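Analysis of the macromolecular model
The primary structure of each chain is shown beneath.
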Amino acid sequence: MFNRVFAGPSSLMRTFVICVGCMMGGRVVGADQAVQFDRDILPILADKCYACHGPDASQRAAELRLDDAGDAVRDRGGYQVIVPGNPEDSELVRRIWAEPDEQMPPADYRKQLTARERRVLVAWIRQGAERPAHWAYMPPRRHPIPPISEGTAARNFIDAFVLAQLQERGIRANPPADRRTLLRRLSWDLIGLPPTDQELAHFLHNASADAYEMEVDRLLQSPHFGERMAVLWLDLVRYADTVGYHGDQNVSISPYRDYVIHAFNSNKPWDQFTVEQLAGDLLPEPSVETLVASGYNRLGMMSAEGGVQPEEYLAKYAADRVRNAGTVWLGSTLGCAECHDHKFDPFTTHDFYSFAAFFADIKEQGLYAGAHNTGKWGPSLDVPDPQLPALLASLDLELDALRTQLQRHSDESAERQEVAKRIEALEAQRKTLVAEHTRSTLITETVTPREMRVLPRGNWMDKSGEVVTPQIPQFLGRLQPSHRATRLDLARWIVSRDNPLTARVMVNRLWKLMFGRGLSKTLDDVGSQGEVPSHPELLDTLAVEFMDSGWDVKYMLKLIATSATYQQSSQPRPELEAVDPYNRLLARQSRYRLDAEFLRDNALSVSGLLVRVVGGRSVKPYQPPGLYEHLNFPKRVYEADVGADQYRRGVYTHWQRQFLHPALKAFDAPSREECTAQRPRSNTPLGALVLLNDPSYIEAARRFALRALSDAPREAASRADWMVRQAVGRPAEPEEIAILVDLAQAEMNDLSGRTADAQQLLAVGQAPAGAGDPVELAAWTAVARAIFNMHEFVTRN
């Protein structure tokens, strides 16, 4: 605790403070090198001090709030914790440099200040201890475009903000990437697929000044754009095909995924996209589309396990919705306030349950008794597939004609009986067709709101907390409708200019999609524990541009894609590695491994197996046997799909929360039990083994090899070069050709006289093996498998 036991600094202490006050991390802090609170001080206070001296009143010590500027500087009976401009008289300075029995944080606290952090705090106080409002909680504004040197290649205001920082530090930006790399990068970022030979050739030979912009427009209009964007969004909203808890049974909600894909493809304004999901059922005239969108509210985990306490699980479902909506749209860890006031940010427990009250009108059960047998997980809607009317058209015409013919036969003649039988058969056929092309999907149904009260320490059995009504977090303002606030009021506030968070959060995620890292790398927490943006003025300006554009996602992505910053080469330079190892200054583009779904999409695309149909039911790729043996109620055996469904894109893969597909899990896809704003990127032997041995990849490699044998030149070196060109979009290097030809020859030598072994390899998967020498095909399949493990094959560059 901060207790006053200090009458004034000794001359030695005063001299020491003056010395450390002019240093920051080993460099002098001059007038032009001011300490910035958000960048330099807040991370220290939030990490090392706020647990005991922060927003959480229940854990606060010494009645001191270091998160409150007024409290930190107030007079405490002859002393102040912080004296702006005077570190010598600041109790905080004395304590952070004190002996262990008096030091702060206490000597036994697990998070200790480093010497550098102490020096930064002293420098901050000496410079006046200024504490502007937290960057994310101030309304974003459009900043003046900074001046840059003449002759600098700036294509739009994005480049000006980036280049201004680089020029201030004397760093030059990378040159543009070569055209092959650029189109592959753009294609991965916007549709999640590699460019075809024809697309690449067209771009390479297009000499028009707007050739690149034409490619951007083409990809934004691709039906696969929505599939790529859906991967990002489905991670955020924790979409899955199973309920998650206990038996993790299947639930039908794939029309919601189709809604998301269509929304991005049609460039639905993102504010409308938000309102339809949170409150599509509350719109004046809800349509099938908006009811499907309201299925967002039903994406959380549910249970049919007999021992469930319904009231407990209703509390779980409510808390899950607060966590998810708070992270998806506010970029905030509102869930940390479920049991106590947030320890680092100004969210209170009252805020948490008031936010939960918005969702108290959703018809649901804590226990869905019997749903593991019936599949009835609450209100649902039958949604026909878009192609169903066309499939029924000819059938309905024939039925109409037959019914008319039947009416002309009043007797029980043989002809009439024959017509009646034909009608009966066609009606049965129609019923089957409708069933095959109709999916049910969970929707939101509104009921009288149930009581919502603060649960002390999150305890669902403790009814002593106050009853709350729907309201937004108090420090962000107040909703004042004439009625009890609804989800529709919440949704409209979320996308209003009164909310400083949402536009920033979404733009930061779009930036991450195009650069591999956000302007603030923390995509799910813009509070004090998050990272201050590397280019805060740029993020602000982009957020305003997003709102001013009418929340136009495609416009924003085009703006980013057409900047010179985006088009840079990703090649590292030694001087950049020294001053900016994590590329926060954006002097180059980024390179990183593709997400799990796109890795398999890539292999299927190169092999020629990929089925590019958009939308539909979830599909089941090959999976090791026995993976579901521990699933119960009911027991299940995984059955891989046959036919075209086996080769659908990864976004359509059946998402089993408890037992995620191993190939997805090996490449860091989330279980989607909670919101995932950013997937980790691991690099383990498991990934290489998946690329080598997963049946999907073996089959794709075999079909790729079959393409090489039929379409490429017969000479081995030319064939190897053709395969590299197909796989990574560039000519093979001589060393690569030599390695691949040697591998093919070694495999043929090894399999010579072992035709049965070659045929065993070629039997993996459902696609026909093709005619020809099985040994030769198996050998070149090994080459294809090696190419699938090339760094370039799995990397967005």
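What you see is a predicted model, and the numbers here were worked out from it, not measured in a lab.

Considering the overall build of the protein chain
For the protein chain, the helix and strand inventory stands at 32 helices and eight strands. For 797 residues, the compact-globule estimate of 2.2 N^0.38 gives 28 Å, and the C-alpha radius of gyration of the protein chain, at 31 Å, lies within 12% of that figure. With the C-alpha coordinates aligned to their principal axes, the bounding extent of the protein chain is approximately 110 × 70 × 50 Å. Per-residue burial for the protein chain yields a buried fraction of 54% across its 797 residues. Nonlocal contacts in the protein chain, meaning residues at least 24 apart in sequence, comprise 72% of its contacts between residues at least 6 apart. Of the roughly 33,900 Å² of accessible surface on the protein chain, 53% is carried by carbon and sulfur atoms.

Here we look at the packing of helix α27 (residues 685-693) against helix α28 (residues 695-711)
Taken N-terminus to C-terminus, the directions of α27 and α28 make an angle of 50 degrees; their axes are 5 Å apart at the nearest point. In this view, α27 runs oblique relative to α28, as classed from their interaxial angle. Residues V690, L691, L692 and N693 of α27 pack against P695, Y697 and I698 of α28.

Quick notes on the packing of aromatic side chains
Counting across every chain of the model gives 28 aromatic pairs. Here Y313 and Y317 contribute two aromatic rings whose centre-to-centre distance is 6.2 Å and whose plane-to-plane angle is 75 degrees, an arrangement assigned as edge-to-face. Taken together, the residues Y313 and Y317, both in helix α15 (residues 310-330) and four residues apart, mark about one turn of the helix. Across the pair, Y317 and Y313 agree in class, each one buried. Ring geometry for Y628 versus F659: centroids 6.3 Å apart, planes at 55 degrees, classification tilted. Here Y628, found in the loop between α25 (596-607) and α26 (662-666), pairs with F659, found in the loop between α25 and α26; they are 31 residues apart in sequence, far enough to count as distant. With respect to burial, Y628 and F659 carry one shared label: buried. A network of ring pairs unites the aromatic residues W233, Y239, Y256, Y259, F264, W270, F273, Y296, W329, F546 and W551 as a single cluster. Geometry around W97 places R118 over its ring, the cationic atom sitting 5.5 Å from the centre.

Here's the deal with the domain arrangement of the protein chain
Here the domain parsing of the protein chain yields domain 1 (11-132), domain 2 (136-176 + 500-589), domain 3 (226-374 + 447-499), domain 4 (396-433) and domain 5 (590-797). On a C-alpha basis, the centroid separation for the pair domain 1 and domain 2 is 31 Å.

Considering the pairing of strand β4 (residues 438-442)
On a regular strand, each side chain points to the face opposite its neighbour's, so the side chains alternate between the two faces of the sheet. With four of its five residues buried, β4 lies for the most part within the structure. For strand β3 (residues 380-384) and β4, the ladder comprises five bridges, and the chain directions are antiparallel. Each residue of the ladder has a partner; that of S380, found in β4, is L442.

Some remarks on the packing of helix α11 (residues 224-236) against helix α12 (residues 254-265)
It is at 8 Å that the axes of α11 and α12 come closest, and there the two elements cross at 120 degrees. Overall, the two elements α11 and α12 adopt an arrangement that is oblique. Seen along the crossing, α11 lies across α12 with a hand that is right-handed. Taking contact as the criterion, the partners of F225, G226, E227, M229, A230, W233 and L234 in α11 are, on α12, Y256, R257, V260, I261, F264 and N265. A class-by-class count of the residues in the contact of α11 with α12 yields nine nonpolar, two polar and two charged.

Concerning α11
With 13 residues, α11 extends 19 Å between its outermost C-alpha atoms, agreeing within 8% with the 18 Å of an ideal straight helix rising 1.5 Å per residue. Along its length, α11 shows its largest kink, about 30 degrees, at A230. For α11, the tally of buried residues reaches 13 of 13 residues, placing the bulk of the element in the interior. Immediately downstream of α11, the backbone of R238 shows phi near 55 degrees, a positive value.

Things to note about the pattern of salt bridges
For the structure on display, the rule yields 56 salt bridges. Between E364 and R321 there is a salt bridge, with its nearest N and O atoms 2.9 Å apart. Within this pair, whereas E364 is found in the loop between α16 (349-356) and α17 (371-374), its partner R321 is found in helix α15, the two being separated by 43 residues in sequence. For R321, a relative accessible area of 6% translates into the label buried. Across the pair D361 and R487 runs a salt bridge whose closest N-O atoms are separated by 3.0 Å. A residue pair is termed long-range when its members are at least 10 positions apart, and D361 in the loop between α16 and α17 and R487 in helix α20 (residues 487-494) qualify at 126 residues. One network of salt bridges, in which partners are shared, links E91, R94, R95 and E102.

Details of unusual backbone geometry
The omega torsion across M104 and P105 is -5 degrees, close enough to zero to call that bond cis. As for its placement among the helices and strands, P105 is situated in the loop between α5 (91-96) and α6 (115-126). Cis peptide bonds are those with omega within 30 degrees of zero, and the linkage from F633 to P634 qualifies with -5 degrees. Looking at the secondary structure, you find P634 in the loop between α25 and α26. For D668, which is not glycine, the phi dihedral falls at a positive 75 degrees. Secondary-structure assignment places D668 in the loop between α26 and α27. D668 gets classed as buried once you look at its relative accessible area, which sits at 13%.

Some remarks on helix α29 (residues 716-728)
Within an α-helix, residues lying three or four positions from one another point in the same direction, as the helix has 3.6 residues per turn. Helix length check: α29, at 13 residues, gives a terminal C-alpha distance of 18 Å against a target of 18 Å (1.5 Å per residue), a fit within 8%. Among the residues making up α29, those that are buried are R719, A720, D721, W722, M723, V724, Q726, A727 and V728. Turning to α29, the residues buried within the fold contact α8 (179-191), α9 (197-205), α25, α28, α30 (734-751) and α32 (774-788). In this structure E715 caps α29, since a side-chain oxygen of it lies 3.1 Å from the backbone nitrogen of A717.

Rules of the game
- Residues numbered from 1 in each chain as written.
- Predicted model: local features only at pLDDT ≥ 70, side-chain atom pairs only at ≥ 80, totals over all residues.
- Heavy atoms only, no water.
- Helix = DSSP H or I, 4+ residues; strand = E, 2+ residues; numbered from the N terminus.
- Rg over C-alpha atoms; globule rule 2.2 N^0.38 Å.
- Buried < 20%, exposed > 50% of the residue type's maximum accessible area, 1.4 Å probe, protein only.
- Contact = heavy atoms within 4.5 Å.
- Areas by Shrake-Rupley, 256 points an atom, 1.4 Å probe, with all protein chains shown as cover.
- Axes fitted to C-alpha atoms, helices over the stretch in contact; angles between N-to-C directions.
- Parallel < 35°, antiparallel > 145°, perpendicular 65-115°, else oblique.
- Phe/Tyr/Trp six-rings, centres within 6.5 Å; stacked < 30°, edge-to-face > 60°.
- Lys NZ or Arg CZ within 6 Å of the ring centre and 35° of its normal.
- Domains from an automatic or database assignment.
- Pairing = 2+ DSSP bridges.
- Left-handed = near helix turned anticlockwise from the far one by under 90°.
- Nonpolar A, V, L, I, M, F, W, Y, C, P; charged D, E, K, R; others polar.
- Expected span 1.5 Å × (residues − 1).
- Bend = angle between axes of the 7 residues up to and from the residue.
- Salt bridge = Lys/Arg side-chain N within 4 Å of Asp/Glu carboxyl O.
- Polar contact = N/O pair within 3.5 Å; in protein donor to acceptor, adjacent residues only side chain to side chain.

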